[in-house]
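Chains, contacts and geometry: an overview
Here is how the chains run, residue by residue.
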Amino acid sequence: MPGLSDVYFVSSNNHKFQEVYSILDELDITVKHYAATLPEIQSASLYDIATHKAAHAYTLLKSPVIVEDAGLFIDSLKGFPGPYSSFVYDTIGNQGILNLVKVERGATFRSIVAYSDGSVSKCFSGELRGAISTRIVGTKWGYDPIFMPDGSHDTLAHIDKVSLSHRRLSLESFAAWFVSK
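Okay, so let's go over this structure.

Some details on the pairing of strand β2 (residues 31-34)
Of the strand pairs in this sheet, strand β1 (residues 7-10) and β2 are connected by 4 bridges, and their pairing is parallel. Across the sheet, the residue bridging to Val10 is Tyr34, located in β2. In this region the chain leaves β1, passes through helix α1 (residues 14-26) and returns to the parallel neighbour β2; the handedness of that crossover is right-handed.

Here it is as structure tokens:
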């Protein structure tokens, strides 16, 4: 059985690592960061993207790894930007999304955490339902300033994401499995 600190989170995104570290630390799992830009296949499936990234990350470290891939799925845009969220954010940003979303504002943030240890590959998912705000509120990274979770009048930019996020839900699922194996 691996020790509870024998897992690496592989990502080039330090913001994401800080969130992952905080959540897993609460769940008594110490995760180490390995900063790397992983190849990302083009796919309409977050599962496929995350699984591919985890397999590649394992080849780099030869040690148990987790990676995370996430997307913002907007109802009125038929799930767009979905798995292309990073590219869309880098291209048109939050204002571009606000320009696209008109009346129906429902959306879902989805997160997939993929684990690989060379022999076992497993994915864990989390979803946070909400809506796209009518304006940019806050200054945190990514889509946080335009996404309001159900039941909240604030965007994720004003909410402690360590306590409420799609990523937290997928990491909780991973942690429950990891500590039991």
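Topic: the packing of α1 against helix α4 (residues 166-180)
For the pair α1 and α4, the least separation of the axes is 10 Å and the interaxial angle reads 45°. Between α1 and α4, the angle falls in the class oblique. Once α1 is placed against α4, the crossing between them reads as right-handed. Judged by residue contacts, Lys16, Glu19, Val20, Ile23, Leu24 and Glu26 of α1 engage Arg167, Arg168, Leu171, Phe174 and Ala175 from α4.

Concerning the environment of Ser180
Here Ser180 is to be found in helix α4. When the C-alpha positions of Ser180 and Ser121 are compared, they lie 15 Å apart, and in sequence the two are 59 residues distant. Of note is the side chain of Ser180, whose polar atom sits 3.3 Å from the backbone oxygen of Ala176.

Observations regarding the pattern of salt bridges
Going through the model one piece at a time under the given rule, you end up with 9 salt bridges. For the salt bridge of Arg129 with Asp75, the shortest nitrogen-to-oxygen distance reads 2.4 Å. Note that Arg129 is positioned in strand β6 (residues 121-132) and Asp75 in the loop between β3 (65-74) and β4 (81-82), a separation of 54 residues in sequence. Judged by its relative accessible area of 35%, Arg129 is partly exposed. With a relative accessible area of 33%, Asp75 lands in the partly exposed category. Connected through salt bridges with shared partners, the residues Lys16, Glu19, Glu68 and Arg167 form a single ionic network.

Rules used in this analysis
- The numbering scheme is per chain: residues are counted from 1 as the chain's sequence reads.
- Local features in a predicted model are, by the rule used here, given only for residues with pLDDT of at least 70; side-chain atom pairs are given and counted only at 80 or more, and totals for whole chains, interfaces and linings are based on all residues.
- Only heavy atoms go into the side-chain values, all of them from the structure, while hydrogens and water stay out.
- Following DSSP output, two strands are said to pair if at least two bridges run between them.
- Secondary structure elements follow DSSP: runs of H or I of four or more residues count as helices, runs of E of two or more count as strands, with numbering from the N terminus.
- For the handedness criterion, the strands are oriented away from the viewer, and a crossover whose path from the first strand over the helix to the second runs clockwise is classed as right-handed.
- Fitting a line to C-alpha atoms yields each axis, with helices limited to the stretch in contact; the angle taken between N-to-C directions then spans 0 to 180 degrees.
- Angle categories: roughly parallel below 35 degrees, roughly antiparallel above 145, roughly perpendicular from 65 to 115, and oblique for all the rest.
- Note: crossing handedness is left-handed where the near helix turns anticlockwise from the far helix by less than a right angle, and right-handed where it turns clockwise.
- In this description, contact between two residues means that some pair of their heavy atoms is separated by no more than 4.5 Å.
- We call two N or O atoms a polar contact when they sit within 3.5 Å, provided that within protein one can donate a hydrogen and the other can accept it, with sequence-adjacent residues counted only if both atoms are side-chain atoms.
- Throughout this description, the term salt bridge denotes a Lys or Arg side-chain nitrogen within 4 Å of a carboxyl oxygen of Asp or Glu.
- Each residue gets one of three labels from its accessible area relative to the maximum for its type: buried under 20%, exposed over 50%, partly exposed in between, using a 1.4 Å probe on protein chains only.

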